[in-house]
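# A closer look at the structure
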Amino acid sequence: LVPLPPADPLRNYTPGETRGGIDRSDVKPLHVVQPEGPSFRVNGHFVEWQKWNFRIGFTPREGLVLYSVAYVDGNRGRRPVAHRLSFVEMVVPYGDPNDPHYRKNAFDAGEDGLGKNAHSLKKGCDCLGYIKYFDAHFTNFTGGVETIENCVCLHEEDHGILWKHQDWRTGLAEVRRSRRLTVSFMCTVANYEYGFFWYFYQDGKIEAEVKLTGILSLGALLPGESRKYGTTIAPGLYAPVHQHFFVARMDMGVDCRPGEPFNQVVEVNVKIEDPGKHNVHNNAFYAEETLLRSEMEAMRDCNPLSVRHWIVQNTRTVNRTGQLTGYKLLPCSNCLPLAGPDAKFLRRAAFLKHNLWVTSFARDELFPGGEFPNQNPRVGEGLATWVKKNRPLEEADVVLWYVFGVTHVPRLEDWPVMPVDRIGFMLMPHGFFNCSPAVDVPPIACEMDSRDSDVKDNVVAKPIQPTLVAKL
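Fair warning: this is a prediction, and the values are worked out from it, not measured in the lab.

Turning our eyes to something else, we now look at the overall build of the protein. Along the backbone of the protein there are 5 helices and 22 strands. For 472 residues, the compact-globule estimate of 2.2 N^0.38 gives 23 Å, and the C-alpha radius of gyration of the protein, at 25 Å, lies within 12% of that figure. In terms of overall dimensions, the protein has a C-alpha envelope of 70 × 70 × 60 Å along the principal axes. Relative to its full complement of 472 residues, the protein shows a buried share of 47%. Taking all contacts inside the protein whose residues are at least 6 apart in sequence as the whole, residues at least 24 apart take part in 64%. Here the protein has roughly 25600 Å² of accessible surface; of this, 54% comes from carbon and sulfur atoms. A distance of 1 Å separates the average location of the 53 positive side-chain charges in the protein from that of its 56 negative side-chain charges.

If you want it as structure tokens, here you go:
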């Protein structure tokens, strides 16, 4: 038996005196205003913004789903990029072999439901600025309709510099600010909060990001005890090490109308040229492309040593230099399961064994752990089983399953509530356009004279006149 831990004076995270502390007094207001309204247009669930357009959907299992993602490219018209984008699974295995932590390996989407646990954003300031909210509707366990009001948030964000160059000969400088469109929702699954975000950029990029916050899952300690498989974070309490894995399913359609099977996937590895007549200075390196011809060939892992990434190409569309048009999947920070091959959770989560899987589209293949992961392994179910068909991927309707994860070794700074940690990946145009699609973004005039905006030492900054903040 382990005695109850002593009361920790640092255990609360509510404001001010209710926490037993004093809040900071030097945080000045920061207003996000758009006096002319937003740059996006919404018609039902159809969204248009900065040449991008797509449809917003929502399911109780996946949460936010994006359909028919396309870019309007001048006289080339509406060019599809993806048919369907969503986060289809999430697994959290714990690394403590002691009871009860070894049993913690929840499938937060397949067993519980990301959408079912989504927040109503009426309850907190998750988004700032000129916001369009979407309600989520789905059937509950009794067959009735359940509605989460203000569940999905759509808004614009400033994102620093988009591009800049100053000609050292003439002194001429050109700079453009970057703006992105954010589509997101938040959910709580037990002790953790997860924010799922899709960002659309003016240079043709799409970014997927998951934000992790909430509170740690804890274990109790005997007085003076410590645990090898966790971090002591408060008297009598420790947080076990664990991992968070997410699976993004991307039904791609680069320059393809629905039903057109004209995509393929190539893997790119950067290699160092062998010393010799082609590398007399020992500085040469090059990018080598390898076509992934079948599903069994397309079980791949990240490799930062070779800057590995993957490109979805259209086999029948070329750019002005004759190269196939494409979109690149660029990994960010990632990991693989830190478990032995016989770990029990890997029987159900065999899809975690690789960072990338590519399959040929099949209508009933939506979830990597199968339709009912709590009953797996089932015959014929799951991503690791489907790829054994070894379907061809040359000129196919390809689906990317990208598995990305974070290994969490808890810190004292994660207590009592964890600051947001981020993980994700990028989809970038690769030969999709004939030049930078961001050159036509107009410059933004300075809003006030620099002399007025400079803040002198020990002088209060000149106040900005209040502006009415509009809401959709």
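Alright, that's what it looks like, and here's the rest.
Evaluation of the coordinates by the stated rule reveals 24 aromatic pairs. By the ring-pair criterion, three or more aromatic residues cluster together here, those being Phe58, Phe87, Phe138, Phe185, Tyr192, Tyr194, Phe196, Trp198, Phe246, Tyr402, Phe404 and Phe425. Over the face of the ring belonging to Phe134 we find Lys132, whose NZ or CZ atom lies 5.4 Å from the ring centre. Between Arg180 and the ring centre of Tyr199, over which it is positioned, the NZ or CZ distance is 3.7 Å.

A side chain of one charge can pair with a side chain of the opposite charge if their charged atoms are brought near each other. Enumeration according to the criterion identifies 29 salt bridges in this entry. Each member of the salt-bridge network shares a partner with another, and the members are Glu295, Glu365, Lys389 and Arg391.

Turning to the environment of Lys328, a few remarks are in order. Looking at where Lys328 falls in the secondary structure, it is placed in strand E19 (residues 324–331). Residue class for Lys328 comes out buried when judged on its relative accessible area of 15%. In this structure the C-alpha to C-alpha distance between Lys328 and Val406, which are 78 residues apart in sequence, comes to 22 Å.

Moving on to the state of the cysteines. The tally for this structure, following the rule as stated, stands at 1 disulfide. For Cys127, the disulfide goes to Cys153, at an S-S distance of 2.2 Å. Highlighted residues: Cys127 in the loop between helix H2 (108–112) and strand E7 (132–139) and Cys153 in strand E8 (residues 145–166), separated in sequence by 26 residues. Using a relative accessible area of 9% as the deciding quantity, one classes Cys127 as buried. Cys151 forms no disulfide, and the closest cysteine sulfur to it belongs to Cys187, at a distance of 9.2 Å. We classify Cys151 as buried; its relative accessible area is 0%.

To continue, consider the pairing of strand E13 (residues 230–234). For a regular strand, side-chain orientation follows a simple rule: the groups alternate between the two sheet faces. Of all the 5 residues making up E13, 4 are buried; the element is thus mostly covered by neighbouring parts of the structure. Both E13 and strand E14 (residues 237–240) contribute to a ladder of 4 bridges, which runs antiparallel. The partner of Ala234 across the bridge, within E14, is Leu237. As consecutive antiparallel partners, E13 and E14 are separated by 2 residues, and within that stretch Gly236 has a phi angle of approximately 80°, a positive value.

Our focus in this paragraph is unusual backbone geometry. Cis geometry marks the peptide bond from Asp99 to Pro100; its omega dihedral reads 5°. Structurally, Pro100 can be placed in the loop between strand E5 (78–93) and strand E6 (105–107). With omega at 5°, the peptide bond leading from Trp415 into Pro416 counts as cis. Following the sequence through the fold, Pro416 ends up in the loop between strand E21 (398–408) and strand E22 (418–429). The backbone of Asp255 sits at a positive phi, close to 55°, despite the residue not being glycine. Topologically, Asp255 is positioned in the loop between strand E15 (242–252) and strand E16 (263–272). With a phi angle near 50°, Glu395 is a residue other than glycine that sits in the positive phi range. Along the chain, the position of Glu395 falls in the loop between helix H4 (383–386) and E21.

If you walk across this open sheet you meet the 10 strands as E7-E8-E9-E10-E11-E22-E19-E18-E16-E17, and the pairing is antiparallel. Looking at strand neighbours, the two that pair on one side only are E7 and strand E17 (285–291), the edges of this open sheet. For this sheet, the mean angle separating the axes of adjacent strands, direction not counted, is 25°.

Take the side chain of Arg176 next. Inspection of the secondary structure puts Arg176 in strand E9 (residues 173–189). Excluding its chain neighbours within four sequence positions, the residues that come into contact with Arg176 are Gly160, Ile161, Leu162, Trp163, Val441, Pro442 and Pro443.

So, on to the nonpolar core. Formed by 75 residues in total, the largest nonpolar core has its most connected members in Leu66, Tyr194, Phe196, Trp198, Phe200, Met250 and Phe425. What Phe196 contacts, discounting residues up to four positions off in sequence, is Phe87, Met90, Leu114, Val183, Ser184, Phe185, Cys187, Glu209, Val210 and Phe246. Counting 20 residues, the second-largest nonpolar core is a separate cluster that includes Val91, Phe107, Phe351 and Trp401.

What follows covers the environment of Tyr192. Among the secondary structure elements, Tyr192 is positioned in strand E10 (residues 192–201). Of the residues examined, Tyr192 reaches a relative accessible area of 2% and is grouped as buried. When the C-alpha atoms of Tyr192 and Pro410 are compared, they prove to be 13 Å apart, with 218 residues separating the residues in sequence. In this structure, Tyr192 is in contact with Tyr94, Cys187, Thr213, Gly214, Ile215, Leu216, His242, His244, His408 and Met418, ignoring residues within four places of it in sequence. At 2.9 Å, the side chain of Tyr192 forms a polar contact with the side chain of His242. A distance of 3.0 Å separates the side chain of Tyr192 from the side chain of His408, its partner in a polar contact.

Take the sheet that holds E13 next. Taken together, 3 strands build an open sheet; the order of strands is E12-E14-E13 and the sheet is antiparallel. Looking at which strands have only one partner, the edges of the open sheet turn out to be strand E12 (219–220) and E13.

Calculation notes
Residues numbered from 1 in each chain as written. Predicted model: local features only at pLDDT ≥ 70, side-chain atom pairs only at ≥ 80, totals over all residues. Heavy atoms only, no water. Helix = DSSP H or I, 4+ residues; strand = E, 2+ residues; numbered from the N terminus. Rg over C-alpha atoms; globule rule 2.2 N^0.38 Å. Buried < 20%, exposed > 50% of the residue type's maximum accessible area, 1.4 Å probe, protein only. Contact = heavy atoms within 4.5 Å. Areas by Shrake-Rupley, 256 points an atom, 1.4 Å probe, with all protein chains shown as cover. Lys, Arg positive; Asp, Glu negative; His and termini not counted. Charge placed at Lys NZ, Arg CZ, Asp CG, Glu CD. Phe/Tyr/Trp six-rings, centres within 6.5 Å; stacked < 30°, edge-to-face > 60°. Lys NZ or Arg CZ within 6 Å of the ring centre and 35° of its normal. Salt bridge = Lys/Arg side-chain N within 4 Å of Asp/Glu carboxyl O. Disulfide = S-S within 2.5 Å. Pairing = 2+ DSSP bridges. Axes fitted to C-alpha atoms, helices over the stretch in contact; angles between N-to-C directions. Core = buried A, V, L, I, M, F, W, Y, C linked by side-chain atoms within 4.5 Å. Polar contact = N/O pair within 3.5 Å; in protein donor to acceptor, adjacent residues only side chain to side chain.

Read these as layout, nothing more, since geometry by itself doesn't imply function.
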